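# Reading the structure
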Amino acid sequence: IDLVVSLAPIHHATDEEQVTWFKACNRVLRQDGVLAFAEVDQGSNLHRFLDGFVGAHTPTGHTGNYLKDDMVSTLKAAGFVEVKTHLHQTSWKFSNLQHMGNFLASALAIQHSPEAIVDEAIRELGVRHEGESVVLNWPLRYVRASKTEI
């Protein structure tokens, strides 16, 4: 396997499960293979939004185990030689605030009014307007781990 890609499920795993997954990725990748993923940083506004508002208004709650400061050393302990990360201001673009609220309610199983969801998303994450569109900030840590030097 040349590349393993993952978009934000790692925070649903315990520390031990994360290490097991990192080691499994390292094991299945070719010598010049790469693990690339995006995930939520511990202590970030997105962490607070997900575990706070979303967790309080979903049937199952939400408590994540987000990326910690020692994630680079954890990946190296799992066998990766070089790890590069950067915080990326990922954005979700919507035609209007109502569309944003409806999307977040559906995607995250939030049981609250779209208006309340929008208010909390704006308060915690922030939005900007681009013409007629609304853009929701969704900051993710992008990680690229390789088995050899990049």
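Moving on to the nonpolar core. Core analysis: the largest hydrophobic core is formed by 21 residues, its most contacted members being L46, F49, L50, M100, L104, L136 and W138. Of all the secondary structure elements, the ones that give two or more residues to this core are α2 (45–56), α4 (97–108), α5 (114–124) and β5 (133–146). At five residues, α2 tops the list of elements feeding residues into this core. Beyond its immediate chain neighbours, meaning those up to four positions away, W138 contacts L46, F49, L50, H88, T90, W92, L104, L108 and L125. If you look at the next biggest cluster of nonpolar residues, it comprises 15 residues, including V4, L35, L67 and F80.

When glycine is set aside, most residues are seen to have a negative phi, and most peptide bonds are trans. A positive phi is found at A8, a non-glycine position, where the angle reads about 60°. Note on placement: A8 falls in the loop between β1 (3–7) and α1 (15–28). Notably, A109 is not glycine yet its phi reads approximately 55°, a positive angle. With respect to the helices and strands, the residue A109 is situated in the loop between α4 and α5. Judged by relative accessible area, which is 41%, A109 ranks as partly exposed.

Conventions and cut-offs
- Residues numbered from 1 in each chain as written.
- Predicted model: local features only at pLDDT ≥ 70, side-chain atom pairs only at ≥ 80, totals over all residues.
- Heavy atoms only, no water.
- Core = buried A, V, L, I, M, F, W, Y, C linked by side-chain atoms within 4.5 Å.
- Buried < 20%, exposed > 50% of the residue type's maximum accessible area, 1.4 Å probe, protein only.
- Helix = DSSP H or I, 4+ residues; strand = E, 2+ residues; numbered from the N terminus.
- Contact = heavy atoms within 4.5 Å.

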